[in-house]
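Close look at the chain arrangement
Here are the chains, one letter per residue:
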Amino acid sequence: SFGTEGTDGPGNSTFGIIILIISLLCDALVPNIQKRIMTDGLSAAALMVNTNAVGFSVLLLVMTLSGMLTATVTAAIERPELLIYLFSVGICLGMAVLAYTRLIQSSGPVIAVATATLRKVVTVLLSYVLFPKPLLPIHAFSGLLVLAGVFLSTFLNKR
């Protein structure tokens, strides 16, 4: 199965690369679209609320159609602390999204994407420090490519 820890193979690599490409495309498109919307007069907070409302609606529809909604409600009834955890995560994510949206509004999409990418790189590096695991040459090479891409993008956009 995809994403199984310790499983290396061409299927996992291909799936990972496809997901990474989709993520990169979204990282490039979304902040630019958000900046354009905010230029038309919508505040960062209003954009965040509208975006999350659409995301919630899609998630609710998918969970209802797949039957996962019933299982989720049952789990929440059996373990009420899940609601506290979900609420806490929701508050933290909401603050993070609002900060990111305001960064897009104040500094532009290029700086926001560069900041978000560097944050992800630091998170990966911290995971290797806090939870030791083998660091293969391909991991280091991939990290250097990401950093080179961020710096190249930032440099080219400042010219």
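To keep things clear, this report deals only with the structure shown in the data block. Quantities reported herein were computed from a predicted structural model and do not represent experimental measurements. (Residues numbered from 1 in each chain as written. Predicted model: local features only at pLDDT ≥ 70, side-chain atom pairs only at ≥ 80, totals over all residues. Heavy atoms only, no water.)

**Some thoughts on the side chain of Gln34**
Inspection of the secondary structure assignment puts Gln34 in helix 1 (residues 10-39). Setting aside its immediate chain neighbours within four residues, Gln34 contacts Leu47, Tyr100 and Ile104. (Helix = DSSP H or I, 4+ residues; strand = E, 2+ residues; numbered from the N terminus. Contact = heavy atoms within 4.5 Å.)

**Here's the deal with the packing of aromatic side chains**
Going through the model one piece at a time under the given rule, you end up with zero aromatic pairs. Cation over ring: Lys133 sits above Tyr128, and NZ or CZ is 4.9 Å from the ring centre. (Phe/Tyr/Trp six-rings, centres within 6.5 Å; stacked < 30°, edge-to-face > 60°. Lys NZ or Arg CZ within 6 Å of the ring centre and 35° of its normal.)

**A short note on the packing of helix 2 (residues 44-66) against helix 3 (residues 68-78)**
Contact geometry for helix 2 and helix 3: axes closest at 5 Å, N-to-C directions at 95 degrees. Of the possible angle classes, the one that applies to helix 2 and helix 3 is roughly perpendicular. Taking contact as the criterion, the partners of Leu60, Met63, Thr64 and Ser66 in helix 2 are, on helix 3, Met68, Leu69 and Thr72. Each residue belonging to the contact of helix 2 with helix 3 can be placed in one class, and the counts come to four nonpolar, three polar and no charged. (Axes fitted to C-alpha atoms, helices over the stretch in contact; angles between N-to-C directions. Parallel < 35°, antiparallel > 145°, perpendicular 65-115°, else oblique. Nonpolar A, V, L, I, M, F, W, Y, C, P; charged D, E, K, R; others polar.)

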